[in-house]
Amino acid sequence: MTAAGRPQRDGLSIGAVLAQLRKDFPDVTISKIRFLESEGLVQPGRTPSGYRQFSPADVERLRFVLAAQRDHYLPLKVIKEQLDAADRGAEPSGALPRLPRKLVPLGDPLTNGEAKAMPGPDDFAPAREFRLTQEDLLGEAGIDAALLTELHQYGLVRPGAAGFYDADAVQIAKTVKAMTDFGIEPRHLRAFRASADREVGLLEQIVSPVYRHRDAEARARGDELVRELAALSVTLHTLLVKAGIRGVTGG
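What counts and what doesn't
Residues numbered from 1 in each chain as written. Predicted model: local features only at pLDDT ≥ 70, side-chain atom pairs only at ≥ 80, totals over all residues. Heavy atoms only, no water. Helix = DSSP H or I, 4+ residues; strand = E, 2+ residues; numbered from the N terminus. Buried < 20%, exposed > 50% of the residue type's maximum accessible area, 1.4 Å probe, protein only. Contact = heavy atoms within 4.5 Å. Axes fitted to C-alpha atoms, helices over the stretch in contact; angles between N-to-C directions. Parallel < 35°, antiparallel > 145°, perpendicular 65-115°, else oblique. Left-handed = near helix turned anticlockwise from the far one by under 90°. Nonpolar A, V, L, I, M, F, W, Y, C, P; charged D, E, K, R; others polar. Polar contact = N/O pair within 3.5 Å; in protein donor to acceptor, adjacent residues only side chain to side chain. Phe/Tyr/Trp six-rings, centres within 6.5 Å; stacked < 30°, edge-to-face > 60°. Lys NZ or Arg CZ within 6 Å of the ring centre and 35° of its normal.

- Under an unreviewed UniProt entry, the name given to the protein is MerR family transcriptional regulator, and the organism recorded is Prauserella muralis.

**Here we look at the overall build of the protein**
Moving on, step 1. Across its full length, the protein carries nine helices and two strands.
Moving on, step 2. Counted from the first residue to the last, the protein has its helices and strands arranged as α-α-β-β-α-α-α-α-α-α-α.
Moving on, step 3. Across the 251 residues that make up the protein, the buried fraction comes to 29%.
Moving on, step 4. Put simply, of all contacts in the protein between residues at least 6 apart along the chain, 57% involve residues at least 24 apart.

**Quick notes on the packing of helix 3 (residues 56-72) against helix 4 (residues 76-88)**
Moving on, step 1. Where helix 3 meets helix 4, the closest approach of the two axes is 10 Å, and the angle between their N-to-C directions is 140 degrees. Classified by the angle their axes make, helix 3 and helix 4 are oblique. Seen from above, helix 3 lies across helix 4 with right-handed handedness. Facing helix 3, whose interface residues are Arg61, Phe64, Val65, Ala68 and Gln69, helix 4 presents Leu76, Ile79, Gln82, Leu83 and Asp87.
Moving on, step 2. Class assignment for the residues of the contact of helix 3 with helix 4 results in six nonpolar, two polar and two charged.

**Re the environment of Glu37**
Moving on, step 1. Assignment of secondary structure puts Glu37 in helix 2 (residues 30-38).
Moving on, step 2. Given the relative accessible area of 17%, Glu37 is considered buried.
Moving on, step 3. Sequence spacing of Glu37 and Leu62 is 25 residues, and the spatial spacing of their C-alpha atoms is 9.4 Å.
Moving on, step 4. A polar contact of 3.2 Å, which involves the side chain of Glu37, links it to the side chain of Arg46.

**Overview of helix 2**
Moving on, step 1. Among the residues of helix 2, those classed as buried are Lys32, Ile33, Phe35, Leu36, Glu37 and Ser38.
Moving on, step 2. Positioned one or two residues after helix 2, Gly40 has a phi angle of 80 degrees, which is positive.

**A few points about the packing of aromatic side chains**
Moving on, step 1. Tallied over the full model, the rule gives zero aromatic pairs.
Moving on, step 2. A cation over a ring is seen here: Arg131 above Phe164, with NZ or CZ 4.1 Å from the ring centre.

**Some thoughts on the packing of helix 8 (residues 190-211) against helix 9 (residues 216-249)**
Moving on, step 1. Here helix 8 crosses helix 9 at 160 degrees, and the two axes come no closer than 9 Å. As summarised for this structure, helix 8 and helix 9 are arranged roughly antiparallel, according to the angle between their axes. In this structure, helix 8 crosses over helix 9, and the sense of that crossing is right-handed. Residue-level contacts link Glu199, Leu203, Ile206, Val207, Val210 and Tyr211 of helix 8 to Ala218, Arg219, Arg221, Gly222, Asp223, Leu225, Val226, Leu229, Ala230, Ser233 and His237 of helix 9.

Next up, the structure:
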């Protein structure tokens, strides 16, 4: 029994994990750990009372994720692919390396390899609902309130009707913050917002007739159609930018 009369639990509490991680990652927060859990990057056990129990392997997974974000600027999707690859070829102990042994190549979008550089329809499937307060968003994205105000002002980040933010808002804020390091300000990015809205508007025009049918099968077809079109739209945008950059660099 513990001093408080509660039974001693195996594994580490989220607070104990936070204390360990902060030695190497001072900016990590409990909200960040919960966010990574919600994204499937780590799956701690639970006590019958619902308390999280982190194993040493869970802590190493978190170190892997945090280092990959900090040192390699990898998005969570790619990090998860790295972890899945490591799981498939892991040693019997199940231990994970501190850093990727070898990054899984994204590959060419025109090949039949498993990895893809371009997004597919599944990337536009509805994400698990995740609600962040403004304070959570500031902490997860590593931005200050002044930058968030600008993100609001230029329509780059928009809270939901209830005032909460989702995981996409975190990634947008992080991306904009990274761009500010190159002297690009949020006001310079209004064209990105306008372009995205135009693309979404075009897709909406195409799929709206399908959604007018009220049966569930038609709605499922509409969902599938809009995801496929979204993937093609982003792929086309990426390829056009790549072609334009070659003109700039002379490559």
